[in-house]
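Spelled out, the chains give:
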Amino acid sequence: MSKKRSKNVLAICLLSIGAVVMLVPFIWMILTAFKSVTEATQVNPFVIFPSKWLLDGFESAIAKMDIPRLYWNTIWMIVGRVVCAVLTATMAGYAFARLQFKGKKFLFTLVIFQMMIPTQIFIIPQYLMINALGAQNTIFALIFPGLVTAFGTFLMRQNFINLPKELEESARLDGCNIGQTFLFIMLPLAKSGMVALGIFTALFAFKDLMWPLVVNTNQATMPLASALAKLQGTFSSNYPELMAASLLACIPMIVIYLIFQKQFVEGIATSGGKL
C-alpha cells in the first residue's frame, strides 16, 4: 500500500469516527423518544434500545404544544431573517470586496470586531429598541436581531473577492453601472454563497433561544426553541416527551439541509479565500 493511499485510508477512518461520534446524540434522542419514562431515566448503559416502542412521548408533546402554530412562528422567523441577512450581506459584501471608498478598511475592521463580540451583549440594547418601537410579542421582534449580519457580510465578501476582476471590467466596457454589474453579473455568480449564508442564518435563527424568551411572553408568538425550553421541568423532566418534541422540531432543518446540501458545500468551499 502506497504512502498516499495509507494517508487517505487514515483520513477516511478518522472522519468516519468523527461522524459516528457526532451522530450519537441524535440517535440517542430518537431512541429516547420511543422509550418509557422509566427506561429513559434508569442508569443502565447497556439499555440502548427501548424494550417496547411507545408513542406516548409524541402524544404528550403534541397535546402540550401547539405544533402548527410553533412551526408557523419558526418558519416566519427563519424566512424573515434569511431574506434580510442575504439582502444586506450581499450588498455590503460586494461593497467591501469590489468598491473603493473612504474608510473601507476601518468599517470592515468594525465588522470583524463585531463578529468577536458575544451576541448576548447586544440583547439589552436590542430589547430597548424593540420596546421603544412597541413591537414586543410580534414576529418582527423575532426577526429584528437578524436584520443585518456581520458574519454574512464577511462570508459574502469572501465569495465576491474570489471572482475574476475581468468580469467587472467587461461589464463596464458594455456600459453597465455599478448597480447593473452587481445585479446582473456578480450576484448570479455568488449564488452558492448566498445559499450557504441562508442555511447558516436559518440554523442560527432556529437555535436562537435567549432572544425569543426575552422579547416574547405570549405563547402565540413563540418559536419552537423557546417552547421546547418550557417543556423542561424545574426538578424533573419527561425525557421521552422532551426528545419527541425535539425530534419534531428538527424536521424543518433536516429538510432544508437535504434540499440545499450541494449549494451549502459549494458555498463553504468558495468562501475560504484571502482576507
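Relevant structure appears above.
Residues numbered from 1 in each chain as written. Predicted model: local features only at pLDDT ≥ 70, side-chain atom pairs only at ≥ 80, totals over all residues. Heavy atoms only, no water.

Colleague: Just to check I follow, could you spell out the nonpolar core for this structure?
Modeller: Side chains that are nonpolar tend, in soluble globular proteins, to be buried together. In this structure, Phe58, Met65, Ile78, Ile130 and Phe160 are the most contacted members of the largest nonpolar core, which totals 49 residues. Ranked by the residues each element gives to this core, the list is headed by helix α4 (residues 67–98), at 10 residues. When sequence neighbours within four positions are dropped, the list of residues in contact with Ile130 reads Ala135, Gln136, Phe140, Ala141, Phe144, Trp211 and Val215. Core analysis: the next-biggest nonpolar cluster, separate from the first, contains five residues, Phe96, Phe108, Val111 and Ala150 among them. (Core = buried A, V, L, I, M, F, W, Y, C linked by side-chain atoms within 4.5 Å. Buried < 20%, exposed > 50% of the residue type's maximum accessible area, 1.4 Å probe, protein only. Helix = DSSP H or I, 4+ residues; strand = E, 2+ residues; numbered from the N terminus. Contact = heavy atoms within 4.5 Å.)

Colleague: How should I be thinking about the side chain of Asn159 in this particular structure?
Modeller: By secondary structure assignment, the location of Asn159 is in helix α8 (residues 150–161). Among the polar contacts listed, one links the side chain of Asn159 to the backbone oxygen of Leu155, at a separation of 2.9 Å. (Polar contact = N/O pair within 3.5 Å; in protein donor to acceptor, adjacent residues only side chain to side chain.)

Colleague: Explanation requested: the environment of Leu87 in the structure shown.
Modeller: By the secondary structure assignment, Leu87 is in helix α4. Along the primary structure Leu87 and Leu147 are separated by 60 residues, whereas in three dimensions their C-alpha atoms are 9.2 Å apart.

Colleague: Quick question: what am I supposed to make of the layout of surface pockets here?
Modeller: In this approach a probe as big as a water molecule rolls over the atoms, and the regions it shows empty are the leftover space. Taken as a whole, the largest pocket spans an internal volume of roughly 1000 Å³. As for the largest pocket, its lining consists of 32 residues, and the residues nearest its centre are Gln114, Thr119, Gln126, Pro145 and Val148. For the lining of the largest pocket, the leading source of residues is α4, giving five residues. Taken together, the residues of the lining of the largest pocket sort by class into 20 nonpolar, nine polar and three charged. The computed volume of the second largest pocket comes to approximately 490 Å³. If you trace the second largest pocket, you find 13 residues lining it, with Phe26, Leu203, Met253, Ile254 and Tyr257 closest to the centre. Every element with two or more residues in the lining of the second largest pocket is listed here: α1 (3–33), α11 (191–207) and α14 (239–259). Within the lining of the second largest pocket, the residues separate by chemical class into 13 nonpolar, no polar and no charged. (1 Å grid on protein atoms, 1.4 Å probe; cavity = no way out; pocket = protein on both sides within 12 Å on 5 of 7 lines; lining within 4 Å. Points joined across faces, edges and corners; volume = space filled by probe spheres on them. Nonpolar A, V, L, I, M, F, W, Y, C, P; charged D, E, K, R; others polar.)

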